[in-house]
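Here is what each chain is made of, one letter per residue.
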Amino acid sequence: MNKNIAVIEGDGIGVEIIAEAVKVLKKIAQKFGHSFNLIPVEMGGCAIDKYGVALPDFSLDACKAADAVLLGAVGGPKWDDPTARVRPEQGLLGLRAGLGCFANIRPAKVYAPLAAASPLKDSIIGKGFDIVVVRELTGGIYFGESGREGDSAFDTERYSVPEVERIAHAAFKIARGRKKVLHSVDKANVLESSRLWRETVARVAKAYPDVSVINILVDNAAMQLVRNPAQFDVMLTSNIFGDILSDEASQITGSIGMLASASTGEGTRGLYEPIHGSAPDIAGKNIANPIATILSVAMMLDISFGLKAEAQAIDNAVDSVLSDNYRTADIATDGCTVLGTIQMGDLITERI
Ligand code: NAD
């Protein structure tokens, strides 16, 4: 298979973690006989310094022309002034919108060897935690009308039927490939937009009779996630509810450096990135955990390219390294061997 992959290092640890993910991609290409053409793309604080904008047009064009985009992270103290006219996050929003990525897919999983890192008690996390949050990414209150009137301010949550339908289809397809249980999160007891959400999900559900749908109110979902997380498998959410619940889910795993994400649209092209930021506090020290970015590569191979065996080979290599008690500093436990970013990348690559 021949694929073009736009690769954005970004800022901070972005450079270091992408280097390890690229090693893994090259090993997969060599082992399975594929050709991945890696196209370096500039975005984030580094692009602001050079071009005065976070996402120059030619960077977006390069990403649109690619089959998939791999991103490290952007941002850092140098560009963190909230009143600044240009900010690194504008690159992220511009890229997601420019690629038409309306579905954000965030798996959150506790790897058995890392269960002790979870802040939840053994009696709760011991039952297992392996979920996927499917969050609507381009609608809802973050994109609705907002403003100020006198001494008040407002933001508007608005969803259309087609917007809910397309994210629901994305979630049902994922649920179908897993445990066939979908929790649709809303606040239908209060919000009209949530009532539309619930009605639309019920209609879409008719096309997936093998998947059970459970409607759950967002406040209950937040509570149940820490009370009995094992009951969930796929959670479908609006933009704002998903923003909050996916961060809650990530904390249950206890290891932010392990979590990958995908953002997809209508076609097969997707944007793949770790959920963490550019971690300026540890940048340039060879201590960042590259696993979230390496697992983002696995998601890319699976979701955009349909290369399931290749994605599984990466997952297995990560499992094997963790089972043998190798860790980066952020997930270190008693008696483990602590590796640097480069050494962890090398070991995972070697085990593929
Ligand atoms: P962060 O995720 O960068 O860091 C939070 C904490 O987690 C830090 O202590 C950091 O050292 C640690 N951490 C994060 N990733 C790690 C890894 N791979 N290995 C080991 N430890 C890791 O969040 P923050 O500190 O709030 O933000 C730092 C910068 O990143 C800010 O400029 C922010 O705007 C930006 N940011 C970017 C993205 C993105 O590019 N998608 C997302 C979130 C934050």
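Rules and cut-offs
- Just so you know, the residues in each chain are numbered from 1, in the order the chain's sequence is written.
- Only residues with pLDDT of at least 70 get local features here, since the model is predicted, and only at 80 or more are side-chain atom pairs given and counted; chain-wide, interface and lining totals rely on the full set of residues.
- Values shown for side chains rest on all heavy atoms present in the structure; no hydrogens or waters enter the calculation.
- Salt bridge criterion: a side-chain nitrogen from Lys or Arg within 4 Å of a carboxyl oxygen from Asp or Glu.
- Labels follow the DSSP assignment, with helices taken as runs of H or I lasting at least four residues and strands as runs of E lasting at least two, numbered in each case from the N terminus.
- Summary of the burial criterion: residues with accessible area below 20% of their type's maximum are buried, those above 50% are exposed, and those between are partly exposed, where the area comes from a 1.4 Å probe applied to protein chains only.
- Strand pairing is defined by DSSP finding a minimum of two bridges between the two strands.

## Considering the pattern of salt bridges
Part 1 of the argument: Applying the stated criterion to the full structure yields 16 salt bridges.
Part 2 of the argument: When the shortest N-O distance is used, the salt bridge between aspartate 346 and lysine 23 registers 2.6 Å. Taken as a pair, aspartate 346 in helix H12 (residues 341-351) and lysine 23 in helix H1 (residues 14-32) lie far apart in primary sequence, 323 residues in all.
Part 3 of the argument: Under the relative-accessibility criterion, lysine 23 is labelled partly exposed at 26%.
Part 4 of the argument: Aspartate 233 is paired through a salt bridge with arginine 178; the nearest N and O atoms lie 2.9 Å apart. Linking aspartate 233 in the loop between helix H8 (218-227) and strand S10 (234-237) with arginine 178 in the loop between helix H6 (161-176) and strand S8 (181-186), this pair joins segments that are 55 residues apart in sequence.
Part 5 of the argument: Members of the salt-bridge network, linked through shared partners, are Glu20, Lys23 and Asp346.

## Regarding the pairing of strand S5 (residues 130-136)
Part 1 of the argument: Among the seven residues of S5, six are classified as buried, and the element is accordingly described as predominantly covered.
Part 2 of the argument: Examined bridge by bridge, strand S4 (residues 103-109) and S5 share seven bridges and lie antiparallel to one another. Residue proline 107 lies in a different strand from S5, and its bridge partner there is valine 132.
Part 3 of the argument: Direction of pairing for S5 relative to S10: parallel, over a ladder of four bridges.

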